[in-house]
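Given next are the chains, with one letter for each unit.
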Amino acid sequence: MFRPVPRRGLLAAVVASVVLAACASTPPRNPLAEWRGSPNHDVRRARLVVLHHTDMESAEAALHTLQTGNSGGPVSAHYLVGRDGRLYQLVPEELRAWHAGAGRWQGQGDLNSASIGIEIDNDGQSPFPDAQVQALLRLLEDIVARTGIPRAQVIGHADLAPSRKRDPSALFPWARLAEAGFGLWPRPAPAPAPDDFDPWRALRLVGYDLADPEAARCAFQRRFRAHECRLDEDGNASWGEWLPGDLDILHDLERQRLEGGG
Ligand SMILES: [Zn+2]
């Protein structure tokens, strides 16, 4: 049954909501310690950008999932890039969105804490339209200019979780991103790798976690060779092999890392 709120109760509710709003804007302080605040601080910063494709039919469907969850639980991302180039933001960059899940890159875990997540509206089988790529490049320029995230530190979801994820797909135009200076990318006509070159050591140095070496190789080939590994009966990528040119490219990427690239 509906009952009108008494006037005094309404006032108390308004005051309570104002107090709550004020509390919400003040980060909690540790009661174990005496607060001696300093003005010399700023927000914690991400040091990585992680790109995804949504694997869904539309931006609206993806927005709904990113505001609620999928079969695995609640998920989100900082941004979504529509097929038409429209940009949506769902989470402020200073906060931790839930897009990366379990994974490692360059030896670091908890990558949700360390990254800005960008979902790209794509069904997983279609090319990425020009308007969408242009919008993504504008967004990346904006992010690196404001945050100082190194341009080489733009990676794919599958790079950090090669045994679980396959996005963005082999159709994603990493070469175009590289032309604009984003993401690690081999230099033109890399020199041949030496005979004693260890591609697994190079993969690890580039950033890949080798808990599942075959999956890491598949992620490398999807990302740098636009090559998709075959799947076994259980849907796992396996039985891959090094493709002609893989080792030369890895050797060049390793050298870029050693020279301080990214
Ligand atoms: Zn993803």
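Just above sits the structure.
Owing to the predicted nature of the structure, the values given are computational and were not obtained by experimental measurement.

Please give an account of the environment of Ala102 that cites residues and values.
Checked against the element boundaries, Ala102 lands in the loop between strand S3 (87-89) and helix H3 (111-114). Exposure remark for Ala102: the relative accessible area of 57% places this residue in the exposed category.

Mind laying out the side chain of Glu254, listing which residues take part and the relevant values?
One can find Glu254 in helix H9 (residues 246-258). For Glu254, the contacting residues outside a window of four places in its chain are Phe197, Arg201, Ala202, Leu205 and Val206.

Quick rundown of helix H8 (residues 213-225)? Include the residues and the values.
Residues spaced three or four apart along an α-helix face the same direction, because each turn holds 3.6 residues. Helix length check: H8, at 13 residues, gives a terminal C-alpha distance of 17 Å against a target of 18 Å (1.5 Å per residue), a fit within 8%. Of all 13 residues in H8, ten are buried, a share of seventy percent or more. All of the buried residues in H8 are Ala215, Ala216, Arg217, Cys218, Ala219, Phe220, Gln221, Arg222, Arg223 and Phe224. Buried residues in H8 make contact with strand S5 (154-156), helix H5 (157-160), helix H6 (174-179), helix H7 (199-206) and H9. Directly beyond the C-terminal end of H8, a positive phi value near 50° is found at Ala226.

Go over the sheet that holds strand S2 (residues 79-81) with me, naming the residues and quoting the values.
Taken together, the five strands give an open sheet; going across it, the order is S3-S2-S4-S1-S5, and neighbouring strands pair in mixed fashion. This sheet does not close on itself; its edge strands, each paired only once, are S3 and S5. Each adjacent strand pair in this sheet contributes to an overall mean axis angle of 25°, direction not counted. In the sheet, strand S1 (residues 48-53) pairs with S5 via three bridges, with the strands oriented parallel. In the strand pairing of S5, Leu51 is matched with Gly156. Of the strands in this sheet, S2, S3 and strand S4 (115-120) are in contact with helix H2 (residues 59-67), which crosses S2 at around 165°.

Cut-offs applied
- Residues numbered from 1 in each chain as written.
- Predicted model: local features only at pLDDT ≥ 70, side-chain atom pairs only at ≥ 80, totals over all residues.
- Heavy atoms only, no water.
- Helix = DSSP H or I, 4+ residues; strand = E, 2+ residues; numbered from the N terminus.
- Buried < 20%, exposed > 50% of the residue type's maximum accessible area, 1.4 Å probe, protein only.
- Contact = heavy atoms within 4.5 Å.
- Expected span 1.5 Å × (residues − 1).
- Pairing = 2+ DSSP bridges.
- Axes fitted to C-alpha atoms, helices over the stretch in contact; angles between N-to-C directions.

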